[in-house]
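A structural walkthrough
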Amino acid sequence: MSLERAEGLLAGLGISTGRGGEPATSTERFADGGWYKWEVAGALDAAAVAAIDDALRRDGARLHQATNTVGTMRYLDHEIVDLVNEAAGRGIQLRMAVGPRGTYDIGGQKFAAGPVAAASAYRLRGGEQLAQGLEDVLHAVELGVRGFLVFDEGLLHVLARLRAAGELPAEVRLKASSNMGAANPAHALLLADAGADSVNLQRDLDVAMLAAVRATTAVALDLHTDNPRSTGGFVRGYDVPEFVRVAAPVYLKAGNAAQDFSDDAPTPAVVAGIVRQILLDRQLLERHFPEATASDTPEF
C-alpha cells in the first residue's frame, strides 16, 4: 500500500513513475513539428563540424547541432569565431561548454577514487569560480555563441535569471549536462524549472524511464544513442526508434563511441566513425519508426 500511496502523491505533483503498460507515444515536438535532431558532441572545431556535415549530406542526412565539450576557455577567440561562423553558415545549432569547471582547477575531487568525488568534479568551486564561469559565458556571447552546455546547477540558475532580466540575449539556450546526473522525472523537471532548455539524461535509462520523464516535463531531452567505453560503451541502435517515439522532442547524441573525448579535434578516421554511427542509427529509425520526421529548422 505504501508504494501506491507514494505513486499517488507523485501523480498529484504531476510526476510520472512510468510504471504499467506500454510507454505512451509522446505528443511533444520541436517548434517546426519535427520529432528529433541529430547532434554530435566532442572537441569540435570549425573544420570538424564542416567535415561531419559534408559527409552526412552526401548520404542525405545532416547535422542539426554541434556541442563543443572542451569549452570556450580552452580556445582562442578567433577559433571560437570560426566555429560560430561555420555552424551558422550551415544552419547548425552550436553549443559550447562553460568553464572553468572543477576538473581544471586546484581542487582535489578529480583525483579521488570514489564515485562521489568524480560525480561532483565538474561543479564550480566557490563564488570566485562562479563569477569566472559567468564571465566565460559573457565573453562567448560577445563572440557570437548563443548555446551553452552547463555543468553546474548554480550557474544554470544564474544564467536563466540573467536571461530573464535581459542581461543575456533572449535567444541564449542552456543545456543541462549529463554530469548533473538527471536520472528521474523530478530531477529533469527541477533542471527545466531552473532554466534548462534541454536536459541530458543519464545514458543507461530504459525506455519506460524515458517515457516517465516525458510525461512529467515538455523540455527537450538529450539522449545518447552510443557511448565511449569511459561512460559505459553502450551502443543502443535498436532503442533509437523508441527514444524518438516516447521522448520526442529529442536530440539524438550519436557518434560518441567513435571518440575518446580528448581536447583534440577528431581525426578524419574519427569523423568517419561518427558519421557511420549516425547513418546506422538513421537506418534503424527509418526502418522501425518511419513516421518520425527530423526537425531541420534551427531554434537559435
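Residues numbered from 1 in each chain as written. Predicted model: local features only at pLDDT ≥ 70, side-chain atom pairs only at ≥ 80, totals over all residues. Heavy atoms only, no water.

Named according to an unreviewed UniProt entry, the protein chain is Peptidase originating from Microbacterium ginsengisoli.

Time to look at the sheet that holds strand E4 (residues 147-150). With parallel pairing, eight strands are arranged side by side around a closed barrel as E1-E2-E3-E4-E5-E6-E7-E8. Across the sheet, the mean angle separating the axes of adjacent strands is 25 degrees when strand polarity is ignored. Both E4 and strand E5 (residues 173-176) contribute to a ladder of four bridges, which runs parallel. Across the sheet, Gly147 pairs through a bridge with Arg173, a residue of E5. Together, E4 and E5 form the strand contacts of helix H6 (residues 153-164), whose direction differs from that of E5 by roughly 165 degrees. (Pairing = 2+ DSSP bridges. Helix = DSSP H or I, 4+ residues; strand = E, 2+ residues; numbered from the N terminus. Axes fitted to C-alpha atoms, helices over the stretch in contact; angles between N-to-C directions. Contact = heavy atoms within 4.5 Å.)

Evaluation of the coordinates by the stated rule reveals one cavity of 30 Å³ or more. Of the pockets and cavities examined, the largest cavity occupies roughly 50 Å³. If you tally residues by element for the lining of the largest cavity, the top one is strand E7 (residues 220-224), at three residues. (1 Å grid on protein atoms, 1.4 Å probe; cavity = no way out; pocket = protein on both sides within 12 Å on 5 of 7 lines; lining within 4 Å. Points joined across faces, edges and corners; volume = space filled by probe spheres on them.)

To continue, consider the pairing of strand E1 (residues 36-42). With seven of seven residues buried, E1 lies mostly within the body of the structure. Burial of the side chains of E1 extends over both faces: Tyr36, Trp38, Val40 and Gly42 are buried on one face and Lys37, Glu39 and Ala41 on the other. For E1 and strand E8 (residues 250-253), the ladder comprises four bridges, and the chain directions are parallel. Each residue of the ladder has a partner; that of Trp38, found in E8, is Leu252. As judged from the four bridges shared by E1 and strand E2 (residues 65-68), these two strands associate in the parallel manner. Looking at the pairing, Gly42 lines up with Asn68 of E2. A crossover connection joins E1 to the parallel E2 through helix H2 (residues 46-58); in handedness this β-α-β unit is right-handed. (Buried < 20%, exposed > 50% of the residue type's maximum accessible area, 1.4 Å probe, protein only. Right-handed = clockwise from strand over helix to strand, strands pointing away.)

Of the volumes computed, that of the largest pocket is approximately 550 Å³. As for the largest pocket, its lining consists of 25 residues, of which Thr69, Tyr122, Asn179, Arg203 and Phe261 are closest to the centre. Partitioned by chemical class, the residues of the lining of the largest pocket number eight nonpolar, twelve polar and five charged. One number sums up the size of the second largest pocket: a volume of about 210 Å³. No other element matches the five residues that helix H8 (residues 207-216) contributes to the lining of the second largest pocket. Its residues assigned to classes, the lining of the second largest pocket comprises seven nonpolar, seven polar and three charged. (Nonpolar A, V, L, I, M, F, W, Y, C, P; charged D, E, K, R; others polar.)

Attention shifts here to the environment of Ala11. If you trace the backbone, Ala11 turns up in helix H1 (residues 2-12). The sequence separation of Ala11 and Thr216 amounts to 205 residues, and the corresponding C-alpha distance is 9.3 Å.

With that out of the way, let us pick up the environment of Gly99. Mapped onto the fold, Gly99 is located in the loop between strand E3 (93-97) and helix H4 (115-120). Separated by 35 residues in sequence, Gly99 and Leu134 have C-alpha atoms that sit 8.7 Å apart. With residues up to four places along the chain from it excluded, the contact list for Gly99 reads Met73, Leu124, Gln132, Gly133 and Asp136.

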